[in-house]
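What follows is each chain in one-letter form.
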Amino acid sequence: MGEVLVQNYIANGIVTFGEYHRYWSDRTRGEKNPQFDELSSQILDLKEGKMSAVRYFFGILDPVLPRDVSVCVVPSSRGVRSHPGIVQMARRLCSEDCGRIDRTGYLMRTIDVPKLTENRRRGRDIHLASIAVDPGMSVYGERVLLLDDVTTTGNSLYACRETLIVAGVESVEMFAIGQAVYD
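Residues numbered from 1 in each chain as written. Predicted model: local features only at pLDDT ≥ 70, side-chain atom pairs only at ≥ 80, totals over all residues. Heavy atoms only, no water.

A few points about the packing of helix α1 (residues 38-47) against helix α2 (residues 51-61)
No. 1: Running from amino to carboxyl end, α1 crosses α2 at an angle of 115°, the nearest separation of the two axes being 7 Å. As α1 packs across α2, the resulting crossing turns out to be left-handed. Taking contact as the criterion, the partners of Leu39, Gln42, Ile43, Asp45 and Leu46 in α1 are, on α2, Ala53, Val54, Tyr56 and Phe57. (Axes fitted to C-alpha atoms, helices over the stretch in contact; angles between N-to-C directions. Helix = DSSP H or I, 4+ residues; strand = E, 2+ residues; numbered from the N terminus. Left-handed = near helix turned anticlockwise from the far one by under 90°. Contact = heavy atoms within 4.5 Å.)

Quick word on the packing of aromatic side chains
No. 1: Using the criterion set out here, one finds 4 aromatic pairs in the structure.
No. 2: With 6.0 Å between their ring centres and 90° between their planes, Phe17 and Phe57 make a pair best called edge-to-face. A residue pair is termed long-range when its members are at least 10 positions apart, and Phe17 in strand β2 (residues 14-21) and Phe57 in helix α2 qualify at 40 residues. Each member of the pair, Phe17 as well as Phe57, carries the same accessibility label: buried.
No. 3: Considering the side-chain rings of Tyr23 and Trp24, the 4.9 Å spacing of their centres and the 90° angle between planes classify their relative orientation as edge-to-face.
No. 4: What makes Tyr23 partly exposed here is its relative accessible area of 28%.
No. 5: The ring of Phe58 is capped by Arg92, whose NZ or CZ atom sits 5.1 Å from the centre of that ring. (Phe/Tyr/Trp six-rings, centres within 6.5 Å; stacked < 30°, edge-to-face > 60°. Buried < 20%, exposed > 50% of the residue type's maximum accessible area, 1.4 Å probe, protein only. Lys NZ or Arg CZ within 6 Å of the ring centre and 35° of its normal.)

What about the confidence of the model for the protein chain?
For any part of a model where pLDDT is low, the fine detail of the predicted coordinates should not be relied upon.
No. 1: For the protein chain, the mean per-residue pLDDT works out to 87, and 85% of the residues sit at or above 70.
No. 2: For residues 1-6, every residue scores under 50 in pLDDT, and the model assigns this stretch 12 contacts once sequence neighbours within four places are set aside. (pLDDT = per-residue confidence, 0-100.)

Let's talk about the pairing of β2
No. 1: Taken across its 8 residues, β2 has 6 buried, putting it largely inside the fold.
No. 2: In this sheet, strand β10 (residues 171-181) lies alongside β2 in parallel orientation, the contact comprising 7 bridges. From the neighbouring strand, Ile14 faces β10, where its bridge partner is Met174. (Pairing = 2+ DSSP bridges.)

A word on unusual backbone geometry
No. 1: Of note in the backbone geometry, Asp68 takes a positive phi value of approximately 55° without being a glycine.
No. 2: Tracing the backbone shows Asp68 in the loop between α2 and β5 (70-73).
No. 3: Judged by relative accessible area, which is 59%, Asp68 ranks as exposed.

Take a look at the structure:
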């Protein structure tokens, strides 16, 4: 893929690495999206938990993401406690004397939220109603880096940020690896 530089697209407080283009332009007809590129492929691999993508993004993001922060992850839209690639990468960002605190399990999805492609109504209120915190963990007074693999509307990131603020964090920085682009 060659040398990749972090591209900071800042929209409403969310910093992203680059654009994510879906694999299919029309899945029912089997039409692949001509905009699906190498970065989108790596992000898809990360979403699927492939270790090559975890290592890839860790290598790029570790040197540029802030240290001395707690790292939380936007939980999957499914209520099942899964360990997608973003969680694996976040845990790696918190390993070895890097100065980051692992809070990847702090935010939890209590009920399934349909994917945006399944249900166009996924406002912040739906996310807020489906996210809870681990009562055995605290983020009070901490600076938090909130990570997501792909953001479309930002609603899940905003809902998680709101939940963290209610929990008493000092500040929240929101970062998504990909900004979904619908071609």
